[in-house]
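Coordinate inspection notes
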Amino acid sequence: MITFSITAMKFSYRLVDGWHGAGEGLRWAAGLKPHELLLLFSDGSMTLDLELLSGSRVEVELISKGFTRLSVDAAEYIGEAAGEKAMEREVWLTVNGGRLIYARTLIPLDCLGKGLLEALEEKKSEPLGRVLASKKIFFTKTRLEAGVIESAAAANGFEAPEDARLMSRRYILEDSRDGRWVIKAALMEVFSPAIIPAPAKGAPAVGKG
């Protein structure tokens, strides 16, 4: 049985102006460049999107991994029971040593197919998308929403001011076979201002006006 735990960076955030679905993206995210919109609302592999955009291989800087229990809010979002045991993983996605995305993954163990937990442990230095591709798991993303947040922990990781606004998104990643989950995970991704800038503090909130 796998048991692992590495100290988390105690990520917390304040949502500035609510979560916005992809259907309202062009209005809400007016001013973003086409490639920034592609990253923000992509329903494919973020790893592949970053590699196509940068021309370089995406690497992982592991922050933490371990087991937790679903909070009431997390359980409601992912559609599972509060208190259920889950795997939690935090990473930085990097390109050429630069941190581009903070990613937090929460997977209820009952929604994790046989062998996948072991694969995530063996390939802990690989992005989630690359691990799933190696297992021939072809996922879909549902409930994709984007928003502007403030998070001192993420900002520090990006070497930005602690009160910097950051673009973020959340979604459910899932795949099932024969009526059973191969994977069902809740993900949150926070983007470095270097790849998707957010409105500066004091500017009108995205989606207003």
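Quick look at the structure, then. Each chain carries its own residue numbering, running from 1 in the direction its sequence is written. Local features in this predicted model are restricted to residues whose pLDDT is 70 or higher, and side-chain atom pairs enter the listing and the counts only when it is 80 or higher, whereas totals over whole chains, interfaces and linings include all residues. Side-chain measures were taken over the full set of non-hydrogen atoms in the model, leaving aside hydrogen atoms and water.

**Focus on the pattern of salt bridges**
- Counted as salt bridges are all cases of a side-chain nitrogen of Lys or Arg within 4 Å of a carboxyl oxygen of Asp or Glu. For the coordinates displayed, the defined rule picks out 13 salt bridges.
- The residue Glu-51 makes a salt bridge to Arg-130 at a minimum N-O spacing of 2.6 Å. Of the two residues, Glu-51 is situated in helix α3 (residues 46-54) and Arg-130 in helix α6 (residues 128-134); the sequence distance between them amounts to 79 residues.
- Connected through shared salt-bridge partners, Glu-51, Arg-57, Glu-59, Glu-126 and Arg-130 make up one network. Runs of H or I in DSSP of at least four residues are treated as helices and runs of E of at least two as strands, each being numbered from the N terminus.

**Section: the nonpolar core**
- Residues Leu-40, Leu-50, Leu-93, Ile-101, Phe-191, Ile-195 and Ile-196 are the most contacted members of the largest nonpolar core, which totals 23 residues.
- Those elements giving two or more residues to this core turn out to be α2 (34-41), α3, β3 (58-69), β4 (85-95), β5 (98-108) and β6 (140-150).
- With 4 residues, the single largest contributor to this core is α2.
- Note on contacts: a residue pair is in contact if any heavy atoms of the two residues lie within 4.5 Å. Phe-191 has contacts with Leu-39, Leu-40, Met-46, Leu-100, Ile-101, Phe-158, Leu-166, Met-167, Ser-168, Arg-169 and Ile-196, leaving out every residue within four places of it along the chain.
- Counting residues in hydrophobic clusters, the runner-up holds 19 residues, among them Leu-117, Val-131, Leu-132 and Phe-139. Only buried Ala, Val, Leu, Ile, Met, Phe, Trp, Tyr and Cys residues count toward a nonpolar core, and they belong to the same one when joined by side-chain atoms within 4.5 Å. Relative accessibility under 20% of the residue-type maximum defines a buried residue, over 50% an exposed one, and the middle range a partly exposed one, all with a 1.4 Å probe and only protein chains included.

**Section: the environment of Tyr-77**
- By the secondary structure assignment, Tyr-77 is in helix α4 (residues 72-78).
- For Tyr-77, a relative accessible area of 11% puts it in the buried group.

**Details of the pairing of β5**
- Counting buried positions along β5 gives 8 out of 11 residues, so the element sits mostly inside the fold.
- Here, a strand pair is defined by DSSP locating no fewer than two bridges between the strands. Alignment of β4 against β5, held across 10 bridges, turns out to be antiparallel. Within β5, the position partnered with Arg-89 by the bridge is Thr-105.
- Between β4 and β5, which pair antiparallel one after the other, the connecting turn spans 2 residues, and Asn-96 there sits at a positive phi close to 55°.

Just distances and angles here, no functional claims.
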